[in-house]
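The primary structure of each chain is shown beneath.
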Amino acid sequence: PSSIFYGPAGTGKTTLARLIATVTRSHFEDFSAISGNVADVRRIVEAARLRNRTGKRTLLFVDEIHRFNRAQQDAFLPCVEEGVLTLLGATTENPLASLNTPLLSRCRLFAFEPLTDADILELLQQAIASPRGLKELGLTFETEALKHIAEFAEGDARTALGALEMAADL
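Per-chain numbering applies: the sequence of each chain, read as written, is numbered from 1 onward. The predicted nature of this model means local features are confined to residues of pLDDT at least 70 and side-chain atom pairs, given and counted, to a pLDDT of 80 or more, with totals for whole chains, interfaces and linings taken over all residues. As a rule here, side-chain values come from all non-hydrogen atoms in the structure, and water together with hydrogens is ignored.

Is there a simple way to explain the environment of Thr11 in this structure?
Structurally, the position occupied by Thr11 is in the loop between strand E1 (3-6) and helix H1 (13-23). Residue classification places Thr11 among the buried positions, given a relative accessible area of 10%. Between the alpha carbons of Thr11 and Ile149 there is a distance of 16 Å; along the sequence they are 138 residues apart. Every residue pair with non-hydrogen atoms within 4.5 Å of one another is taken to be in contact. Not counting the four nearest positions on each side in its chain, Thr11 is found in contact with Phe112, Glu113, Pro114, Leu115 and Gly155. We call two N or O atoms a polar contact when they sit within 3.5 Å, provided that within protein one can donate a hydrogen and the other can accept it, with sequence-adjacent residues counted only if both atoms are side-chain atoms. Polar side-chain contacts of Thr11 include one of 2.8 Å to the backbone oxygen of Pro8. The secondary structure listing takes helices from DSSP runs of H or I that are at least 4 residues long and strands from runs of E that are at least 2 residues long, numbered from the N terminus. Buried, partly exposed and exposed residues are distinguished by accessible area as a fraction of the type maximum, computed with a 1.4 Å probe on protein chains only: under 20%, between the cut-offs, and over 50%, respectively.

Please explain the layout of surface pockets as it appears in this structure.
Where empty space is left in the structure can be found by rolling a water-sized probe over the atoms. Points on a 1 Å grid over protein atoms alone make up a cavity when a 1.4 Å probe fits among them but cannot get out, and a pocket when they form an open set with protein on both sides within 12 Å along at least five of seven lines; lining residues each have an atom within 4 Å of a point. Grid points are joined across faces, edges and corners, and a volume is the space filled by probe spheres set on the points. Space inside the largest pocket adds up to approximately 290 Å³. Contributing to the lining of the largest pocket are 15 residues, with Gly10, Gly12, Lys13, Thr14 and Arg158 lying nearest its centre. Elements represented by at least two residues in the lining of the largest pocket include exactly H1, strand E4 (86-91) and helix H9 (157-169). When its volume is computed, the second largest pocket comes out at roughly 190 Å³. In terms of lining residues, the second largest pocket is bounded by 13 residues, among which Pro1, Ile20, Thr24, Leu59 and Thr86 are the most central. Every element with two or more residues in the lining of the second largest pocket is listed here: E1, strand E3 (58-63), E4 and strand E5 (108-111). Taken together, the residues that form the lining of the second largest pocket break down as 6 nonpolar, 5 polar and 2 charged. Any residue outside Ala, Val, Leu, Ile, Met, Phe, Trp, Tyr, Cys, Pro, Asp, Glu, Lys and Arg is labelled polar, Gly included; the first ten of those are nonpolar and the last four are charged.

Whenever I open this one, the packing of helix H7 (residues 117-129) against helix H8 (residues 143-153) confuses me. Can you help?
Two measures define how a pair of helices packs: the angle their axes make with one another and the distance between the axes. Fitted lines through C-alpha atoms serve as axes, helices being fitted only where they are in contact, and the angles separating the N-to-C directions of these axes extend from 0 to 180 degrees. Contact pair H7 / H8: the axes reach a minimum separation of 9 Å and the direction vectors enclose 125 degrees. As judged from the angle between their axes, H7 and H8 are oblique. As for the relative orientation of H7 and H8, their crossing is right-handed in sense. Listed contacts from H8 to Asp117, Ile120, Leu121, Leu124, Gln125 and Ile128 of H7 are Leu146, Lys147, Ile149, Ala150, Glu151 and Ala153. Of the residues contributing to the contact of H7 with H8, the split by class is 8 nonpolar, 1 polar and 3 charged. These descriptions rest on fixed angle ranges, namely under 35 degrees for roughly parallel, over 145 for roughly antiparallel, 65 to 115 for roughly perpendicular, and the rest for oblique. Left-handed describes a crossing in which the near helix is turned anticlockwise from the far one by less than a right angle; the clockwise case is right-handed.

Hey, could you run me through the nonpolar core in this one?
A general tendency of soluble globular proteins is for nonpolar side chains to be buried together. In these notes, a set of buried Ala, Val, Leu, Ile, Met, Phe, Trp, Tyr and Cys residues joined through side-chain atoms within 4.5 Å is what counts as a nonpolar core. Counting residues in each nonpolar core, the largest one holds 22 residues, and the members touching the most others are Leu60, Val62, Ile65, Phe76, Leu85 and Leu87. Counting only elements with at least two residues in this core, the list comes to helix H2 (38-53), E3, helix H4 (77-82) and helix H6 (101-105). In terms of residue count, the dominant contributor to this core is H2 (4 residues). Leave out the neighbours within four places in its chain, and Leu85 touches Ser2, Ile44, Val45, Ala48, Thr58, Leu60, Cys79 and Val80. One finds Ile128, Leu134, Leu146 and Ala160 within the second-largest nonpolar core, a separate group that totals 12 residues.

Even after reading the chapter, I still don't get the pairing of strand E2 (residues 27-32), so can you show me in this structure?
Residues in a regular strand point their side chains to alternate faces of the sheet. Pairing between E2 and E3: 6 bridges, direction parallel. Along E3, the bridge assignment pairs Phe31 with Val62. Handedness of a crossover: with both strands directed away from the viewer, a clockwise path from the first strand across the helix to the second marks it as right-handed. Where the polypeptide runs from E2 across H2 and back to E3, its parallel neighbour, the crossover connection is right-handed. A strand pair is defined by DSSP finding two or more bridges across the two strands.

What am I meant to see in the side chain of Gln73 here?
Examined against the element boundaries, Gln73 turns out to sit in helix H3 (residues 70-73). The class of Gln73 is buried, set by a relative accessible area of 0%. When near neighbours in sequence (up to four residues on either side) are disregarded, Gln73 contacts Ile65, Phe68, Ser98, Leu99, Asn100 and Leu103.

Below you can see the structure in the form of structure tokens.
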């Protein structure tokens, strides 16, 4: 169903949306409410209608959905109601305060929590050990250094991976 993912940055909202699109074999349409506008939404909806005719689903991922004002958010209502596409919105704001009631009533809400230091440490270790990881470059990291990066990231996987990349570059 159409859903709103909300929580801190770097907790996997975009990653989960991409995984859902892959698993459901849906066309993934990535849209930023910061740089996009209602005309862009209309274009996306028309393309989704055409895809529907061939049996292909569309998943519209709207990053920073809270940046659309309430009138702009109304542009999503008809396509969500008609099932033209599945809307997945992501926000770091409280959706009950930043999204309009009609849109919220048509979506499920999912709260994302900051990752634990242990989660981030595991992610860093997986990034290092992956087939294209840092181990392949002959780089190793002390566990204490990885723990420091995990603590520094404060629950944000993107920040942790960026810090690991910076450390590798140095």
